Each structure stands twice: as structure tokens, then as C-alpha cells.
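# Summary of structural features
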Amino acid sequence: AVIEVARAAGFEVREERCLLADFAGADEVFLSGTTIEVLGASSIDGRPVAAGVPGPATRRIGAAFARLTRA
């Protein structure tokens, strides 16, 4: 569902295998799942992601997902 929400919000979405090294230098990283919904990652393997706080894309997708699931 998060993939569809992100696409509907105008984001380009790709599904592919990733290695830990693929996240180095990422602007934003988030996890999604049934119980966590959309959770911004502030660090990966002890290294901060960007500013160390969820970014605007994560917040936008999280808010859209929340609207969809609470409607």
C-alpha cells in the first residue's frame, strides 16, 4: 500500500534489492510495515541518514498513508 501511496503522491518508486552500502549518502530512508506504517530512519548501522531526522518525503508519504488507512 505504501508504494501506491508514494506513486499517487508523485514520487518515482522502484523496487529492487539493496545492500547496506546502497543507503550511504541517502537523502531519506524509511521503513514500512503493518505495525509501524511509515517510519523514518534517522540512522543506519550507527551512521546518520542526512540530517538524522525524517525528511519531507517521508513525512508526506506517512501522512498520506495515515489518511488512507484511517478513512
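Only a predicted model underlies this, so the values are computations on that prediction, with no experimental measurement involved. (Residues numbered from 1 in each chain as written. Predicted model: local features only at pLDDT ≥ 70, side-chain atom pairs only at ≥ 80, totals over all residues. Heavy atoms only, no water.)

Another point: helix 2 (residues 56–69). Between its first and last C-alpha, helix 2 extends 20 Å over 14 residues, near the 20 Å set by a 1.5 Å rise per residue. Every buried residue of helix 2 is accounted for by Ala57, Thr58, Ile61, Gly62, Ala64 and Phe65. The buried residues of helix 2 occupy an angular sector of 165° when projected down its axis, which confines them to one face. Facing away from the buried side of helix 2 by more than 90 degrees, the exposed set consists of Pro56 and Arg67. (Helix = DSSP H or I, 4+ residues; strand = E, 2+ residues; numbered from the N terminus. Expected span 1.5 Å × (residues − 1). Buried < 20%, exposed > 50% of the residue type's maximum accessible area, 1.4 Å probe, protein only. Arc of directions from axis to C-beta.)

Examined against the element boundaries, Ala6 turns out to sit in helix 1 (residues 2–8). Taking the C-alpha atoms as reference points, Ala6 and Asp45, 39 residues apart in sequence, are found 25 Å from one another. Those residues in contact with Ala6 that lie beyond four places of it in its chain are Phe11, Val13 and Ile61. (Contact = heavy atoms within 4.5 Å.)

This paragraph deals with the nonpolar core. Listed in full, the seven residues of the largest apolar core are Val2, Val5, Ala6, Val38, Ile61, Ala64 and Phe65. Contributions of two or more residues to this core are made by helix 1 and helix 2. For Ile61, the residues in contact, after removing those within four places along its chain, are Val2, Val5, Ala6, Phe11, Phe30 and Val38. Within the second largest apolar cluster, five residues are counted, among which are Val29, Ala41, Ile44 and Val49. (Core = buried A, V, L, I, M, F, W, Y, C linked by side-chain atoms within 4.5 Å.)

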